Amino acid sequence: MNELRVAKDQTAAAFYLTNSTVLRGTVFLAEYAAHHSGRQTLGDLLRDSEAMIPVIDQQGQFVLVGLASVVAAEVAHRDAALPQLVVNVPVQIHASGGHRFDGAFLLDQGAGDRLSDVVNSTSGWIPLESPSGVAWISKQHIVTARPRA
């Protein structure tokens, strides 16, 4: 049965949840992404998952995280695997659960450079780069978004 398993990389991640908590643990990302070249990103996992994301929490326990309750999910910069051609849109986000994020939304080159371009994009998850890493923010959980200089 092991020969049928898809190889996965273990990646540390933090899940900001609607109940104001942050679940830290390990997610499993594929070596190859289904819709682009390179490895699967946390953003790919969020977009491709149906209702639950499997996580091993910091105590080593298996946990299924309800995707509808995820405000944002963050990984370290080295684990983000983002494309090189991006536009930074500086922003401050207040989100469900009282979570706050300061950083820059990352848009594909040519997709615009204004905050309105970001929030009107077709993706439900928007990558935001900050000093602590890259977080994919759920648009449905954004309470306010303010441009930063």
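One can find the structure itself at the top, above this paragraph.
Cut-offs used in this document
- Residues numbered from 1 in each chain as written.
- Predicted model: local features only at pLDDT ≥ 70, side-chain atom pairs only at ≥ 80, totals over all residues.
- Heavy atoms only, no water.
- Helix = DSSP H or I, 4+ residues; strand = E, 2+ residues; numbered from the N terminus.
- Buried < 20%, exposed > 50% of the residue type's maximum accessible area, 1.4 Å probe, protein only.
- Contact = heavy atoms within 4.5 Å.
- Areas by Shrake-Rupley, 256 points an atom, 1.4 Å probe, with all protein chains shown as cover.
- Pairing = 2+ DSSP bridges.
- Axes fitted to C-alpha atoms, helices over the stretch in contact; angles between N-to-C directions.
- Salt bridge = Lys/Arg side-chain N within 4 Å of Asp/Glu carboxyl O.
- Phe/Tyr/Trp six-rings, centres within 6.5 Å; stacked < 30°, edge-to-face > 60°.

Caption draft 1: Structural context of the overall build of the chain. The helix and strand inventory of the chain stands at two helices and ten strands. Ordering the α and β elements of the chain from the N terminus gives β-β-α-β-β-β-β-β-α-β-β-β. The buried share of the chain, reckoned over its 149 residues, is 42%. Sequence separation of 24 or more characterises 55% of the internal contacts of the chain that already satisfy a separation of 6 or more. Just so you have it, the chain exposes about 8,400 Å², and 51% of that area is on carbon and sulfur atoms.

Caption draft 2: Main features of the sheet that holds strand S9 (residues 133-138). One open sheet holds the ten strands; their spatial order is S4-S3-S2-S1-S5-S9-S8-S7-S6-S10, and the pairing between them is antiparallel. Both edges of this open sheet fall to strand S4 (62-66) and strand S10 (142-147), since each of them pairs with a single strand only. When the angles between neighbouring strand axes are averaged without regard to direction, this sheet yields 40 degrees. Where strand S2 (residues 22-30) meets strand S3 (residues 52-57), two bridges bridge the pair, whose relative direction is antiparallel. Bridge pairing in S3 places Thr 26 opposite Ile 56.

Caption draft 3: Broad picture of the pairing of S3. Only one face of S3 is covered, namely the face carrying Ile 53, Val 55 and Asp 57; the face carrying Met 52, Pro 54 and Ile 56 is uncovered. Bridging between S3 and S4 involves five bridges; their strand directions are antiparallel. The residue of S4 that forms the bridge with Ile 56 is Phe 62. Counted between consecutive antiparallel strands, the loop separating S3 from S4 contains four residues, among which Gly 60 sits at a positive phi close to 85 degrees.

Caption draft 4: Structural view of the pattern of salt bridges. Per the counting criterion, the structure on display carries two salt bridges. Between Arg 100 and Asp 102 there is a salt bridge whose closest N-O contact spans 3.1 Å.

Caption draft 5: Looking closely at the packing of aromatic side chains. In this structure the tally under the stated criterion is one aromatic pair. Residues Tyr 16 and Phe 101 carry aromatic rings whose centres are separated by 5.1 Å and whose planes lie at 80 degrees to one another, so their mutual orientation is edge-to-face. Taken as a pair, Tyr 16 in strand S1 (residues 8-17) and Phe 101 in strand S7 (residues 100-108) lie far apart in primary sequence, 85 residues in all. Take Tyr 16: its relative accessible area is 13%, and that puts it in the buried class. When its relative accessible area of 7% is taken as the criterion, Phe 101 is described as buried.

Caption draft 6: Geometry of unusual backbone geometry. Here Ser 20, not a glycine, exhibits a phi torsion of approximately 75 degrees, which is positive. Tracing the backbone shows Ser 20 in the loop between S1 and S2.

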